[in-house]
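Understanding the architecture of this molecule
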Amino acid sequence: LPCLHSFCKKCLPPPARYLMLPEKRDTSLPGENAARSIAVIRCPVCQQECVEMDVMDNFFVKDTVEVPSSTVEKTSQHQVCTSCEDNTEATGFCVECVEFLCVTCIEAHQRVKFTKDHTIRQKEEVSPEVVCVSNQRPVFCHVHKKEPLKLFCETCDRLTCRDCQLLEHKEHRYQFIEDACKNHRECLESMTLQLQDKKKVVESVSDIIKNRLIKVDENRKAVEQEISLAICTLIMEIKRKGKGLTNQLEVSSILFFLDAWFIKK
């Protein structure tokens, strides 16, 4: 799925809803506007929605197989020819077949009509990524069943076979898989370094914000204490004033009664 979560066909969820989009048609013709239905799939993991046409095969999951230990041991010592059973040391590599070839197999490869147009490279020119790919089952084109996907169309951002690249992707820019893998790896490493730098900046800003929040909380508590102290001070002052007024009222009342008593006398 576009969210990078992978499912097999049985576990792929059914469409959650459908979108009705108008189809392009001649507006001069009478009648109602035609519309086509597009299925929308919701990822069970992240709940992100995507249209069904954006779902594609994950070749990394689909064609991953375990490499036999004997193959790993042979690769670690010296690369043998994977096209024949003579265990002869390989001298070249066929890009289309993803196979290491000995001298005899290279000559046979270039004589056979089906493989004579294949690209043969020197073993020293092959990157380490291709050694890993050569130990895996090749992925074949779903259109041209006998052609493996050995090219990467930069324009369409997808794997292609030789025939697809010559026909449907004729004017598009492309690379061999090992070159595209190397370039994308370098791009990902560069982006990872940039993300790490940005992560450090974000963490630094986050620490600053946390410290400021702590200071704001400390200032809030200090202001609350000052407010409580001011309230207590005002209450005490009001009580003192009230007590003074009450005393004055009592004194005035006593004087009033005394004056009234003297007047009667």
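A brief report on the enclosed structure follows. (Residues numbered from 1 in each chain as written. Predicted model: local features only at pLDDT ≥ 70, side-chain atom pairs only at ≥ 80, totals over all residues. Heavy atoms only, no water.)

**Thoughts on the nonpolar core**
Inside soluble globular proteins, nonpolar side chains tend to come together where they are buried. Rule in force here: Buried Ala, Val, Leu, Ile, Met, Phe, Trp, Tyr and Cys residues form a nonpolar core when they are joined through side-chain atoms within 4.5 Å. A simple rule labels every residue: compare its accessible area, found with a 1.4 Å probe on the protein chains alone, to the largest value its type can have, and call it buried under 20%, exposed over 50%, or partly exposed in between. Note on definitions: a residue-residue contact is assigned when non-hydrogen atoms from the two residues lie within 4.5 Å.
Core analysis: the largest hydrophobic core is formed by eight residues, namely Ala90, Phe93, Val95, Val98, Phe100, Val126, Leu151 and Phe176. Not counting residues within four places of it along the chain, the set of residues in contact with Ala90 comprises Gln79, Val80, Cys81, Phe100, Leu101, Cys102 and Lys123. Residues Cys81, Leu101, Cys102 and Ile106 belong to the second largest nonpolar core, which totals six residues.

**A word on the pairing of strand 2 (residues 35-42)**
For clarity, the cut-off: For two strands to count as paired, DSSP must find a minimum of two bridges between them. By definition, any uninterrupted DSSP run of H or I lasting at least four residues is a helix, any uninterrupted run of E lasting at least two residues is a strand, and each is numbered from the N terminus.
One ladder, built from six bridges, connects strand 1 (residues 17-22) with strand 2; its direction is antiparallel. Along strand 2, the bridge assignment pairs Leu21 with Arg36. Linking strand 2 back to strand 3 (residues 49-51) in an antiparallel pair, the connection comprises six residues, with Gln47 at a positive phi of about 65°.

**Some remarks on a nonpolar patch on the surface**
So the rule is basically this: Each patch is built from salt-bridge-free residues with over 30% relative accessible area, joining like charges within 9 Å and nonpolar side chains (Val, Leu, Ile, Met, Phe, Trp, Tyr) within 5 Å. Areas reported here follow the Shrake-Rupley algorithm with a probe of radius 1.4 Å; residue values treat only the protein chains shown as occluding. Any carboxyl oxygen of Asp or Glu within 4 Å of a side-chain nitrogen of Lys or Arg constitutes a salt bridge here.
On the surface, Val251, Ile254, Leu255, Leu258, Trp261 and Phe262 cluster together to form a nonpolar patch covering roughly 620 Å² of accessible area. For Phe262, the location among the structural elements is in helix 6 (residues 177-264).

**Structural notes on the side chain of Gln175**
As a reminder, the rule being used: Two N or O atoms count as a polar contact when they lie within 3.5 Å, although within protein this holds only if one can serve as hydrogen donor and the other as acceptor, and sequence-adjacent residues are included solely when both atoms are side-chain atoms.
Here Gln175 shows up in strand 9 (residues 174-176). Within the structure, the side chain of Gln175 is placed 3.2 Å from the side chain of Glu154, a separation counted as a polar contact. Setting aside its immediate chain neighbours within four residues, Gln175 contacts Lys150, Leu151, Phe152, Glu154, Ala180 and Asn183.

**What about the pattern of salt bridges?**
Pairs may arise between side chains of opposite charge once their charged atoms sit close together. All chains considered together, the criterion is met by 12 salt bridges. Among the ionic pairs, Asp179 bridges to Arg121, the shortest N-O distance being 3.8 Å. A residue pair is termed long-range when its members are at least 10 positions apart, and Asp179 in helix 6 and Arg121 in strand 6 (residues 120-122) qualify at 58 residues. Salt bridges sharing partners connect three or more residues here, namely Asp217, Arg220, Lys221 and Glu224.

**A short note on helix 3 (residues 103-111)**
What counts is decided by this rule: By arc we mean the arc of the directions from the helix axis to the C-beta atoms, nothing more.
If you check which residues of helix 3 are buried, you get Cys105, Ile106 and His109. Viewed along the axis of helix 3, the buried residues span an arc of 105°, placing them on a single side of the element. In helix 3, the exposed positions angled more than 90 degrees off the buried face are occupied by Thr104 and Arg111. Elements in contact with the buried residues of helix 3: strand 4 (92-94), strand 5 (99-101) and strand 6.

**Details of the sheet that holds strand 4**
To keep things clear, this is the line we draw: Lines fitted to the C-alpha atoms define the axes, with helices restricted to the stretch that makes contact. Angles between their N-to-C directions range from 0 to 180 degrees.
Pairing is antiparallel in the open sheet, where three strands are placed in the order 5-4-6. Of all strands in the sheet, those with a lone pairing partner are strand 5 and strand 6, marking the two edges. Pairs of neighbouring strands in the sheet enclose a mean axial angle of 35°, with direction left out of account. This element, helix 3, spans strand 4, strand 5 and strand 6 of the sheet and lies at about 110° to strand 5.

**A closer look at the environment of Arg162**
Along the polypeptide, Arg162 turns up in helix 5 (residues 162-166). Residue classification places Arg162 among the partly exposed positions, given a relative accessible area of 22%. Once the C-alpha coordinates of Arg162 and Glu147 are considered, the two residues, 15 residues apart in sequence, prove to be 7.0 Å apart. Apart from residues no more than four positions distant in its own chain, Arg162 is found in contact with Asp117, His118, Glu147 and Leu151. Among the polar contacts made by the side chain of Arg162, one reaches the side chain of Glu147 at a distance of 3.3 Å.

Read these as layout, nothing more, since geometry by itself doesn't imply function.
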